[in-house]
Amino acid sequence: MAVVGIDLGTTNSVVATVNGGEVVVIPDAQGRRLHPSVVSFAADGTKTYSHEAVARRIVDPAYTVYSAKRLIGQPFRADEVKMAASRFPYRVEEGNNEQAVFVGPDRAYTIPEISGLMLAYLKQCAEGFLNEAVTGAVITVPANFNDAQRRATMDAGRIAGLDVMRVLNEPTAAALAYGAGQNMSQRIAVYDFGGGTFDVTILQVEGEVFEVLATGGDTFLGGDDADTMLLNVLAELFMTQHKIDPRQDPSSRARLLLAAEQIKRHLSDRTEAKGELKNIGVGPQGEPLNLRFQIDRTLFEQSISTLVARTLRTCDEVLSAAALLPSQVDEVIMVGGSTRIPLVRAEVQRHFGRAPRIDLNPDEVVSTGAAIQANNLAGGAGASETAVLLDVTPRALGIAVAGGFAEPIVDRNVQVPVEQTRIFSTSADNQTVVRIQVCQGESRRFSENTPLGELELSDLPPARRGEVKIEVTFRIDTNGILRVRARDPNSGLGKEAAVNIRGQMSDSEVDAAAAKIDATAVEPAPRL
Ligand code: AMP
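Residues numbered from 1 in each chain as written. Predicted model: local features only at pLDDT ≥ 70, side-chain atom pairs only at ≥ 80, totals over all residues. Heavy atoms only, no water.

**Q** Teacher, can you tell me more about helix H6 (residues 223-242) here?
**A** Given 3.6 residues per helical turn, the α-helix brings residues three or four places apart onto the same face. Under the 1.5 Å per step criterion, the end-to-end length of H6 is 28 Å for 20 residues, consistent within 8% with the ideal 28 Å. All buried positions along H6 are accounted for by Gly 223, Ala 226, Asp 227, Leu 230, Leu 231, Val 233, Leu 234, Ala 235 and Phe 238. Looking at the buried positions of H6, the neighbouring elements they touch are strand S13 (185-193), helix H7 (250-269), strand S16 (272-282), strand S17 (288-296) and helix H8 (297-321). Phi turns positive one or two residues past the end of H6, at Lys 243, with a value near 60°. (Helix = DSSP H or I, 4+ residues; strand = E, 2+ residues; numbered from the N terminus. Expected span 1.5 Å × (residues − 1). Buried < 20%, exposed > 50% of the residue type's maximum accessible area, 1.4 Å probe, protein only. Contact = heavy atoms within 4.5 Å.)

If you want it as structure tokens, here you go:
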């Protein structure tokens, strides 16, 4: 039996394990180590995964799901879900308990089910490669994932038939890959610039203790934005050549965007890209319109300079939350595909006054750390049993109080596990029931934060307002999962519960989905 570490990414996933004391990144049957997080559904219930599914994004866009991570753990009505869903060619609707569900050709699938299918595929890849059963996994999540997103990721693991040993923050995993067993004393920054998001985390590594000092990021800043910037450059060129704006036509825009991503990658290795893109648009007489282009790296760099500057501003914010200057960081670890852009490396070097570490593969470093932690938790060969990971809350957590305000109970950047209690009182005479609405965010106004769910405390003794006290305790475990306890300190009467999260699958739904996946999901098995 084996355990694995899984970087379940928005664009790509990576699965790794520790074998004989060494980390091994697990390839698919074709030897590919990056597995696109894409699942395609056929009407007869069969599914296609990863690279094979990517090909289906063109021929069967309505039933090919990508970027599920943008939706996971969020209620259907969340702004981010609405925005993402409006851009996806597949249909996302509202299901039970305000969940976002994908409308498949045979039935509706919840988002943890989709991610569960992807995890089941990765589990099978690993089992085929290792020739043994994979039972447990450490799955990584962005440091800023909230309670609901972490729970939904754990549900996805359960659906895939995995014992989720831990959900681990991606930057902490990267730090572990860098520092585990090295007996170092360093302050490091993990600069993670992926396809859709950017985040930065500062950690203090002392031997086997990995302590997060501060973390922060931008969930709408990534390589996708660089593609859009380059798309605009290409569109301007097209307009000078044909007097037509190709961005007005969805199909022309899609082709140009695909080309922009390829040109961007090309410019990471070379200083110039030139050529002709065929059939980008259609002329007035129905003739195909091509685009001749010649773009040098400098032009590309100018077009993305504001994006890179934004990442550095976020670095400064996070550094100042840790009361540090860039020069006080000993090492910068680069994570995510967009850190391959030379301008990104150069600007990070200029900002921190030292060259970032690029010897760790930016695509694999997170899964490597997850595999190390899975091996540690399972007590496997070469496990550093003493590794202690001290993560922090990415955002403040609080509750709604009278007047539309939010009262924080646990602040941002507080080390977990943590338990904190605050005393509140009733706001109306003879109030016997209080609804405790939980939110995440730093705003004083409740409505400006992300609502997470609620808990009800009833049977309070009738009394004048303010006389009945309610003690609210937030407990956050090492997975970043929140439990809330509310009780009347006089009577001792209380309730402890996982908050009823909007947009979440119930336990029985998760069990039913897990049972279904055993029978049908990963058939036919990927070739290994
Ligand atoms: P990730 O989310 O870490 O998988 O990163 C995916 C992003 O990295 C996408 O926006 C890719 O276009 C980008 N990317 C991957 N390879 C390169 C490269 N060689 N140069 C520039 N960007 C890249």
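**Q** It is not clear to me how the side chain of Arg 166 should be interpreted in this structure. Could you clarify?
**A** Along the chain, Arg 166 falls in strand S12 (residues 163-169). One buried charged side chain, Arg 166, makes no salt bridge at all; its nearest oppositely charged neighbour is Asp 391, positioned 7.3 Å away. Those residues in contact with Arg 166 that sit more than four places away from it in its chain are Ala 137, Val 138, Ile 139, Gln 373, Leu 377, Thr 478 and Asn 479. (Lys, Arg positive; Asp, Glu negative; His and termini not counted. Salt bridge = Lys/Arg side-chain N within 4 Å of Asp/Glu carboxyl O.)

**Q** Teacher, can you tell me more about the pairing of strand S15 (residues 209-218) here?
**A** Each regular strand displays side chains that alternate between the two surfaces of the sheet. Here strand S14 (residues 198-206) runs beside S15; their pairing, made up of nine bridges, is antiparallel. Bridge assignment links Phe 198 to a residue of S15, and that residue is Asp 218. Connecting S14 to the next strand, S15, in antiparallel fashion are two residues, including Gly 207 with a positive phi near 60°. In the sheet, S15 pairs with strand S19 (residues 388-390) via three bridges, with the strands oriented parallel. Of the residues in S19, the one forming a bridge with Val 209 is Val 388. (Pairing = 2+ DSSP bridges.)

**Q** Would you mind showing me how to read the site of the ligand here?
**A** Lining the immediate surroundings of the ligand are 15 residues, of which Gly 195, Glu 261, Lys 264, Ser 268 and Gly 337 lie closest. Here an oxygen atom of the ligand sits 2.7 Å away from a polar atom, N or O, in the side chain of Lys 264. Within the complex, 85% of the 500 Å² of free accessible area of the ligand lies under protein. Those elements that provide at least two residues to the shell around the ligand are H6 and H7. Per-element tally for the shell around the ligand: the top contributor is H7, with four residues. Of the residues that constitute the shell around the ligand, the class distribution is one nonpolar, nine polar and five charged. (Near = heavy atom within 4 Å. Polar contact = N/O pair within 3.5 Å; in protein donor to acceptor, adjacent residues only side chain to side chain. Areas by Shrake-Rupley, 256 points an atom, 1.4 Å probe, with all protein chains shown as cover. Nonpolar A, V, L, I, M, F, W, Y, C, P; charged D, E, K, R; others polar.)

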